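# Overview (structure and organization)
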Amino acid sequence: MNPQNELPVLIILFAPLIAAILSLIGKFLPPRYSITPAFLVWLGGSLWALYAAAPAILYGQSLTYSLGGWAEPYGISLSVNGLTWIATLTDIVIASAAWLATRGYRRFGALFYFFFFMALFSLQGVLCSRDIFNLFVWFEVLSLSSIILISYDRSLSSRLAAIRYLLISSLSIIFFLIGVWILYRLTGSLALTEIAQRLQSLNSAVVPRAFIGTLPVARVHSAAGLALALITAGILTRAAIPPFHTWLPDAHTAAPYPVSALLSGFVIKAPMIALWRIFELIEFPQLMEGLVWLGGVTAVWGVAAAMVQKDAKKLLGYHSVSQMGYILAAFGIGGVIGRSAALFYIIAHALFKSLLFLTIGHVTTRVGTRNVYKIRGLRRFFPFYTVAFLIAAASISGLPLLAGFTGKVLVSKALHSHPAYLMLIAAGVGTAASFVKLSAIFFGTASDEHLLTLESRPTEDRGSKTAAGEAHFGLLVISAGCIAMGVVPRLIHHYILLLLHGRAALPPSIEIGWYSSGTLLKAGVSIGGGLLLALFLLSPFGKNLAHRARAMSVGLNGSLRLMVAGLLLLLFLSLL
Amino acid sequence: MDKLLVIVLFCVGLFGILASRSLIRKIIGLSLLNSSVVILFILSGRIDGIRAPILTQTESGLIVDPIPQALMLTAIVVGLSVTAVALILAVKLYRSCGSLDIREIEELLDEPAE
């Protein structure tokens with residue numbers, strides 16, 4: 001353990017905590033002396049640490065910090081590898097843009113920023129942790145801070161969303177803990193590397209089986225399967241994969257919009273990274289195959305629910321569910337190309353979804369309603385936001401030269417011969433339709449009532465030019481990211497592979513054919529289909545149908561039962 | 001007997017959180033679920049007649065596995081904070097709706113028919 005390797009890990013991990021504490025001082029000091037420095041400390045520290053960690057990671061090493069100097073398997077280790085490195089960078093970009101967007105509003109006080117940075121702190125813990133019980137603690141800190149951020153508006157709907165999220169996530173973490181218990185009983189360890197080694201040594205007689213004792217091998221295998229299924233169910237709930245997703249649309253709708261951007265942009269991706277770190281060590285093929293199918297179902301389920309929504313933010317929330325399907329399917333298929341596709345899509349989705357929430361959130365806050373069918377003609381009032389929104393909407397719909405298109409090409413390359421891919425294609429058509437429907441709020445002519453609200457000065461607005469400029473800067477950076485991922489996908493994919501595998505073990509390059517006639521044709525067909533579907537959705541008949549579909553909500557009790565059913569399905573799958 | 005206790009607690013908790021409509025009962029159910037997991041871990045670290053895990057200069061021999069106990073201290077603290085936040089939200093919801101029934105609260109928020 002040399003200190004040079006430990007320092008970047010420590011700083012990446014603790015910079016958000018320091019920023020949280022500094023923000024809290026803002027209760028006594030004017031924001032200029034507390035909140036802004038807190039942000040700068042966090043941003044500067046994290047970026048420096050990433051810079052310092054980069055050389056080692058490019059050579060395929062991972063930087064590890066052991067708490068209290070106790071190395072694995074006895075102590076708790078936190079490590080930064082290529083995966084964490086990329087995820088952290090994405091997290092920093094999204095969180096900075098969200099932070100900049102909060103600056104325009106007076107209502108976000110010191111406590112808000114405290115919980116904002118606590119959420120970032122626990123996110124970093126989830127990304128770095130290599131100890132399965134430690135992961136539980138980070139998950140709980142993350143859910144508590146997100147609950148407080150979700151209910152920050154103190155409205156009835158936000159409190160209801162918060163308590164729903166709390167009950168659902170707590171039930172899921174109980175599953176997770178039981179899984180941890182089984183693994184601990186089987187292997188006597190909580191460190192992931194150690195658990196993986198001991199599970200693998202089950203079949204060989206050379207290694208002493210001290211912990212596993214006298215259980216027959218077949219039973220040990222099924223017990224390990226059950227444990228992994230329980231842990232997966234716990235993590236999938238945090239990643240909002242159906243049937244564990246029911247908390248997401250309400251929570252992301254009720255939260256203040258910069259928080260929604262962070263939640264949809266990154267908080268649901270971090271559990272996927274944790275899942276990845278577990279399953280890169282422990283092999284479990286039948287569950288992976290199940291995840292590919294679950295990914296397909298997720299994509300279709302999310303998009304079907306999104307198409308009928310009336311509330312603009314809820315529509316975006318369901319799209320987050322749907323997009324997680326692409327990531328899950330690519331992750332489940334595995335291999336070099338599948339995993340890099342999942343990571344590529346995680347970055348792409350983080351960028352365009354946070355951009356969508358920031359633009360839609362801003363304009364709907366100003367107009368005072370989120371009804372997709374009523375708002376029209378915002379283009380005149382928010383030219384900058386309109387352009388940013390269109391970039392994001394075109395990205396998620398899969399228009400060429402933008403992040404969503406290249407992400408979908410990569411996912412389709414990974415999944416090309418798998419039947420579940422058909423579901424992803426169907427979801428792509430629905431996504432395009434839904435975003436044509438949402439884009440309508442920027443065009444046409446605004447109603448008189450909305451014109452009045454738009455022209456009067458909103459009471460909450462600071463009205464300062466700098467705050468608006470800061471928010472614009474955040475949007476600009478994310479838009480640039482979306483475009484870069486669409487224009488130079490080969491370069492970005494190359495760097496993802498380089499960071500994941502290191503320079504020495506770099507896998508041979510694969511011809512993706514980013515802009516071949518096949519991929520362009522597919523995009524054209526899905527966008528064309530989407531336009532037709534959108535015409536139907538905006539017709540009176542489509543609206544009526546959507547209204548009826550919205551009435552079929554399950555409520556909290558329904559969601560909890562759905563979760564238990566999903567868990568039983570996963571358990572069954574693991575025993576097959 | 002101990003195992004039965006864990007199973008009964010778990011089932012009662014799960015029933016409470018799934019079937020009850022009252023938020024307070026749901027939170028109690030969650031608390032019970034949490035306790036059942038805590039007891040599960042503690043039981044797995046317990047062996048009758050073996051020393052507590054305190055290292056001294058003179059004594060040696062078998063000791064009880066201290067890890068589950070350490071883990072559960074953390075889990076109890078986490079469970080406490082989750083319960084506290086849940087109760088705060090329940091109180092706030094009760095003050096604004098006058099009801100703890102989750103279905104009644106949800107109905108208040110449903111969109112009116114067009």
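The structure presented is a predicted model; accordingly, all values stated were derived computationally and were not measured. (Residues numbered from 1 in each chain as written. Chains lettered and ligands numbered in written order. Predicted model: local features only at pLDDT ≥ 70, side-chain atom pairs only at ≥ 80, totals over all residues. Heavy atoms only, no water.)

### Examining the overall build of chain B
For chain B, the count of helices and strands is four helices and zero strands. The order of helices and strands in chain B, counted from the N terminus, is α-α-α-α. Structurally, chain B occupies a C-alpha span of about 80 × 25 × 20 Å along its principal axes. In chain B, buried positions account for 37% of the 114 residues. In chain B, the proportion of contacts linking residues at least 24 apart, taken out of those at least 6 apart, comes to 52%. About 6,900 Å² of surface is accessible on chain B, with carbon and sulfur atoms providing 66% of the total. (Helix = DSSP H or I, 4+ residues; strand = E, 2+ residues; numbered from the N terminus. Buried < 20%, exposed > 50% of the residue type's maximum accessible area, 1.4 Å probe, protein only. Contact = heavy atoms within 4.5 Å. Areas by Shrake-Rupley, 256 points an atom, 1.4 Å probe, with all protein chains shown as cover.)

### Focus: the overall build of chain A
A tally of regular secondary structure across chain A gives 23 helices and two strands. The C-alpha atoms of chain A give a radius of gyration of 23 Å, which matches the 25 Å a tight globule of 576 residues would have. For the C-alpha atoms alone, the extent of chain A along its principal axes is close to 80 × 55 × 50 Å. Within chain A, the proportion of its 576 residues that are buried is 63%. Counting contacts in chain A only where the partners sit at least 6 residues apart, residues at least 24 apart contribute 81% of the total. Counting every atom, chain A has about 20,800 Å² of accessible surface; 67% of that belongs to carbon and sulfur. (Rg over C-alpha atoms; globule rule 2.2 N^0.38 Å.)

### Some thoughts on helix α11 (residues 270-279) of chain A
Counting buried positions along α11(A) yields 10 of 10 residues, so the element is predominantly enclosed. Of the residues making up α11(A), those classed as buried are A:Ala270, A:Pro271, A:Met272, A:Ile273, A:Ala274, A:Leu275, A:Trp276, A:Arg277, A:Ile278 and A:Phe279.

### Things to note about the interface of chain A and chain B
Size of an interface: often given as the accessible area lost when the parts come together. Counting residues at the interface gives 35 residues for chain A and 44 residues for chain B. Each partner contributes to the roughly 3,600 Å² buried at the junction of chain A and chain B, and carbon and sulfur atoms together form 78% of this total. At the boundary of chain A and chain B, one finds one salt bridge. The salt bridge involving B:Glu106 is made with A:Arg164; its shortest N-O contact spans 2.7 Å. The tally of links between chain A and chain B comes to nine residue pairs in polar contact (both at pLDDT 80 or more). (Buried area = accessible area lost by both parts, 1.4 Å probe. Salt bridge = Lys/Arg side-chain N within 4 Å of Asp/Glu carboxyl O. Polar contact = N/O pair within 3.5 Å; in protein donor to acceptor, adjacent residues only side chain to side chain.)

### Topic: the pairing of strand β1 (residues 63-66) of chain A
All names here are of chain A. What you see with β1 is no split at all: Leu-63 and Tyr-65 on one side and Thr-64 and Ser-66 on the other are buried throughout. Pairing of β1 with strand β2 (residues 77-80), which is carried by four bridges, proceeds in the antiparallel orientation. Bridged to Tyr-65 within β2 is Leu-78. (Pairing = 2+ DSSP bridges.)

### Examining the confidence of the model for chain B
Taken residue by residue, chain B gives an average pLDDT of 87. The fraction at 70 or more is 90%. In the predicted assembly, ipTM is 0.93 and pTM is 0.93. (pLDDT = per-residue confidence, 0-100.)

### Some points on the environment of A:Ala312
Residues and elements named next belong to chain A. For Ala-312, the location among the structural elements is in helix α13 (residues 312-333). For the pair Ala-312 and Val-372, spaced 60 residues apart in sequence, the C-alpha to C-alpha distance is 5.6 Å. Leave out the neighbours within four places in its chain, and Ala-312 touches Ile-360, Thr-364, Arg-370, Val-372 and Leu-438.

### Details of the packing of helix α4 (residues 110-128) of chain A against helix α10 (residues 257-267) of chain A
All names here are of chain A. α10 packs onto α4 with a crossing angle of 0° between their chain directions and a minimal axis gap of 12 Å. In terms of orientation, α4 and α10 fall into the roughly parallel class. Together, Phe-112, Phe-116, Leu-120, Leu-123 and Leu-127 of α4 and Val-259, Leu-262, Phe-266 and Val-267 of α10 make up the contact between the two elements. For the contact of α4 with α10, the residue count by class is nine nonpolar, no polar and no charged. (Axes fitted to C-alpha atoms, helices over the stretch in contact; angles between N-to-C directions. Parallel < 35°, antiparallel > 145°, perpendicular 65-115°, else oblique. Nonpolar A, V, L, I, M, F, W, Y, C, P; charged D, E, K, R; others polar.)

### Overview of the side chain of A:Ser322
Residue and element names in this part refer to chain A. Checked against the element boundaries, Ser-322 lands in helix α13. Look at Ser-322 and you get buried, because its relative accessible area is 0%. A distance of 3.0 Å separates a polar side-chain atom of Ser-322 from the backbone oxygen of Ala-299. Residues in contact with Ser-322, not counting those within four places in the same chain, are Thr-298, Ala-299, Gly-302 and Val-303.

### Side note on the confidence of the model for chain A
Looking at chain A as a whole, the pLDDT averages 89, with 95% of positions reaching at least 70. Considering only residues more than four positions removed or in separate chains, one finds that residues 205-211 of chain A, a stretch of pLDDT under 50, has nine contacts.

### Considerations on the environment of B:Leu14
The residue B:Leu14 is located in helix α1 (residues 2-19) in this model. Separated by 15 residues in the primary sequence, B:Leu14 and B:Gly29 place their C-alpha atoms 6.4 Å from one another. Ignoring sequence-local partners within four residues, the contact set of B:Leu14 consists of A:Leu171 and B:Leu33.

### Quick word on a nonpolar patch on the surface
All names here are of chain A. A surface patch of nonpolar side chains, about 690 Å² in accessible area, is lined by Leu-401, Ile-483, Val-487, Val-488, Leu-491, Tyr-495, Tyr-515 and Leu-520. Contributions of two or more residues to the nonpolar patch are made by α19 (465-487) and α20 (489-501). A relative accessible area of 45% means that Tyr-495 is categorised as partly exposed. (Patch = residues over 30% accessible without salt bridge, like charges linked within 9 Å, V, L, I, M, F, W, Y side chains within 5 Å.)

### Quick look at the side chain of A:Thr232
All names here are of chain A. Checked against the element boundaries, Thr-232 lands in helix α8 (residues 217-238). Polar side-chain contacts of Thr-232 include one of 2.5 Å to the backbone oxygen of Leu-228. Apart from residues no more than four positions distant in its own chain, Thr-232 is found in contact with Leu-275, Phe-279, Leu-287 and Leu-291.

### Some points on helix α9 (residues 247-254) of chain A
Residue and element names in this part refer to chain A. Along α9, eight of the eight residues are buried, which leaves the element largely enclosed by surrounding structure. Looking only at α9, the buried set comprises Trp-247, Leu-248, Pro-249, Asp-250, Ala-251, His-252, Thr-253 and Ala-254. Packing partners of the buried residues in α9 comprise α5 (132-150), α6 (156-187), α8, α10, α13 and α14 (335-367).

### Regarding the packing of α6(A) against α9(A)
Residues and elements named next belong to chain A. Where α6 contacts α9, the two axes come as close as 9 Å, and the packing angle between them is 140°. Every pair of crossing elements has a handedness; the one defined by α6 and α9 is left-handed. Of the residues in α9, those touching α6 at Ser-157, Ser-158, Ala-161, Arg-164, Tyr-165 and Ile-168 are Trp-247, Asp-250, Ala-251 and Ala-254. Classifying every residue of the contact of α6 with α9 gives six nonpolar, two polar and two charged. (Left-handed = near helix turned anticlockwise from the far one by under 90°.)

### Some points on unusual backbone geometry
Residues and elements named next belong to chain A. In this model, Pro-242 is joined to Pro-243 through a cis peptide bond whose omega is 0°. A positive phi angle is found at Arg-154, which is not glycine, with a value near 60°. Looking at where Arg-154 falls in the secondary structure, it is placed in the loop between α5 and α6. The class for Arg-154 is exposed, based on a relative accessible area of 56%. Not every positive phi belongs to a glycine, and Leu-401 is a case in point at roughly 70°. Position of Leu-401 relative to the elements: it lies in the loop between α15 (383-397) and α16 (403-415).

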